[in-house]
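Here is how the chains run, residue by residue.
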Amino acid sequence: MEDDVVLDRGGAPVAERRELPHDFVWGVSTSSYQIEGATDVDGRGPSVWDAYCRVPGHIANGDTGDLACDHYHRYAEDISLMRKLRVHAYRFSVAWPRVLPKGRGASNEAGLAFYDRLIDGLLAAGIEPWLCLYHWDLPQALQEEGGWLNRDIAGWYGDYAELVARRYGDRIRRFATFNEPSVFSLFGYGFAWHPPGLVDPVALNRAIHHVNLAHGRGVDVLRAHVPRSSIGAIHNVQPSRAAGPRSAADVAAAKLLDAYWNRAFPEPQLLGRYPEELARLVEPHMQAGDLDRICRPIDWFGVNHYSPIYAKAASEAVLGFAWADAPADVPRSPIGWQVDPIAFRDTLLDVWRRYRLPIYVTENGAGANESPDGAGEVVDHERVRYLKTYISALRDAVAAGADVRGYFVWSLLDNFEWGAGYANRFGLVYIDYPSQRRIPKESAHWYARMIRAEALRGLG
Ligand code: FCB
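Just so we're clear, the structure is a prediction, and the values are computed from it rather than from any experiment.

Moving on to the confidence of the model for the protein chain. On average, the protein chain scores 96 in pLDDT, and the residues at 70 or more come to 96%. Low pLDDT, under 50, characterises residues 1-16; the stretch is placed with 38 contacts to residues that sit more than four places away or in other chains.

Structure (structure tokens):
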């Protein structure tokens, strides 16, 4: 049986085992643009990421999602891998432009049929599909009509949600409206790191509000068309810290980043109000009744979590703050992200206290730049250690009262990691991109053993 690594208050690891609910969900996550490839196959329309990747300088090494993991053609092999992992659930996203090539209007039967095959294959393997409607690949045709800046997008998104609900609602219960809305809004409209590549605070606040309206519309549509649905929204939540904790200006910067990053979506969606730092900024984009349209009852809160974030005051920056690095001496993953499991535990407790919804950790994992060793194996001890300490922190949060019901590793496969291209690998399974060969890493074997040990404990 696997021992957990537990951090005592002084940070020293001690072996200990604390129980999780017997029906705790162990899963893995992916997203459409990051793994599917087949971007111009079977009638798929272009997404904003296809366009964005074409611009030199946007993505490391000029990488694109054109081929990615070729999951569109290799999904059956990927389901077999998940089966070997013994995961209970798989979170994936539907590519909006694959099922609606122009974003609205005529649907694409070949694209819809792909997700039928995927869902049926998962169910046959005993793996529950968790479907996320939006993991950032907006149809380019909608971008050309203003994208998230056009208020009509809430209706376009609602129609897309209805298509998905009608098609798959007989087989899928678990739906998420959006993945990490704060990342694609802040990076796309505040920092020009994602499409549409703007640095424009007015556009940012407008986009935030329209994403929230679309969320509310999506919840209503899913509820109406899938009677047994369990609906959630996925937010990245991590502590926002001041680069100079003794500087009042940096503390204010961290608070503003916290509002944009952690609260701009959950608060209106679940508490029916915008964070006080943002209310005045969003006001010009609101119409009467909007907060009621946004704040619709949902069933669970998806937490994506990696590392704390840091901000510093920057009077020249349009938002008045800039991102800052973690202190030099903190522990880091191989790609330099801070490793801080205590922050994970505290985040879970904080989300539970604020929103009182069952929590599923829909993403957590570690990035590296690894390659197979001489024997052809990928021995990723650091990822295993990361997962052990973070799962242990999750157990601490549960022991302290947080209602956490599941954990999904990011990611099943190495994949297209946005601006970093293929350089950063997060998979439990290594992808040899030239051959598309899949090699389960040490972490995959460890995760399978851990899930098995948990199942045996449940039986005993
Ligand atoms: C999250 C994204 C996911 C992946 C991980 C590493 O912010 O949701 O697509 O890129 O980070």
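It is worth spelling out the pairing of strand S12 (residues 359-363) at this point. Remember that side chains alternate between the two faces of the sheet whenever the strand is regular. In terms of burial, S12 is a largely internal element, 5 of the 5 residues being buried. In this sheet, S12 lies alongside strand S9 (residues 300-304) in parallel orientation, the contact comprising 4 bridges. Considered in S12, the bridge of valine 303 is made with valine 361. The pairing of S12 with strand S13 (residues 404-410) spans 3 bridges and is parallel. Counterpart to isoleucine 359 in the pairing with S13 is valine 404. Remark: the S12/helix H15 (residues 381-399)/S13 crossover connection has right-handed handedness.

The ligand sits among Gln34, His135, Trp136, Asn179, Glu180, Tyr306, Glu363, Trp410, Glu417, Trp418 and Phe426. Residue glutamine 34 places a side-chain N or O atom 2.7 Å away from an oxygen atom belonging to the ligand. Taking tryptophan 418, its side chain carries an N or O atom lying 2.9 Å from an oxygen atom of the ligand. For the ligand, the protein covers 93% of the area, taking 300 Å² as the surface of the free molecule. Within the shell around the ligand, the residues separate by chemical class into 5 nonpolar, 3 polar and 3 charged.

The end-to-end C-alpha separation of helix H16 (residues 442-459) is 26 Å, in line with the 26 Å expected for 18 residues at 1.5 Å each. Of all the positions in H16, only Ser443, Ala444, Trp446, Tyr447, Ala448, Met450, Ile451, Ala453, Glu454 and Arg457 are classed as buried. On its buried side, H16 packs onto strand S3 (25-29), helix H3 (71-85), H15, S13 and strand S15 (437-440).

The tally for this structure, following the rule as stated, stands at 37 salt bridges. With a closest N to O distance of 2.9 Å, glutamate 162 and arginine 166 form a salt bridge. Of the two residues, glutamate 162 and arginine 166 both sit in helix H7 (residues 153-168), 4 residues apart, roughly one turn of that helix. Classification of glutamate 162 by relative accessible area gives partly exposed; the value is 24%. With a closest N to O distance of 3.1 Å, arginine 263 and glutamate 277 form a salt bridge. Linking arginine 263 in helix H10 (residues 248-263) with glutamate 277 in helix H12 (residues 276-282), this pair joins segments that are 14 residues apart in sequence. Here arginine 263 matches glutamate 277 in class, with each residue buried. One continuous salt-bridge network, built from bridges that share partners, spans Lys255, Asp258, Arg263, Glu267, Arg273, Glu276, Glu277, Asp350 and Arg354.

What counts as what
- Residues numbered from 1 in each chain as written.
- Predicted model: local features only at pLDDT ≥ 70, side-chain atom pairs only at ≥ 80, totals over all residues.
- Heavy atoms only, no water.
- pLDDT = per-residue confidence, 0-100.
- Contact = heavy atoms within 4.5 Å.
- Buried < 20%, exposed > 50% of the residue type's maximum accessible area, 1.4 Å probe, protein only.
- Helix = DSSP H or I, 4+ residues; strand = E, 2+ residues; numbered from the N terminus.
- Pairing = 2+ DSSP bridges.
- Right-handed = clockwise from strand over helix to strand, strands pointing away.
- Near = heavy atom within 4 Å.
- Polar contact = N/O pair within 3.5 Å; in protein donor to acceptor, adjacent residues only side chain to side chain.
- Areas by Shrake-Rupley, 256 points an atom, 1.4 Å probe, with all protein chains shown as cover.
- Nonpolar A, V, L, I, M, F, W, Y, C, P; charged D, E, K, R; others polar.
- Expected span 1.5 Å × (residues − 1).
- Salt bridge = Lys/Arg side-chain N within 4 Å of Asp/Glu carboxyl O.

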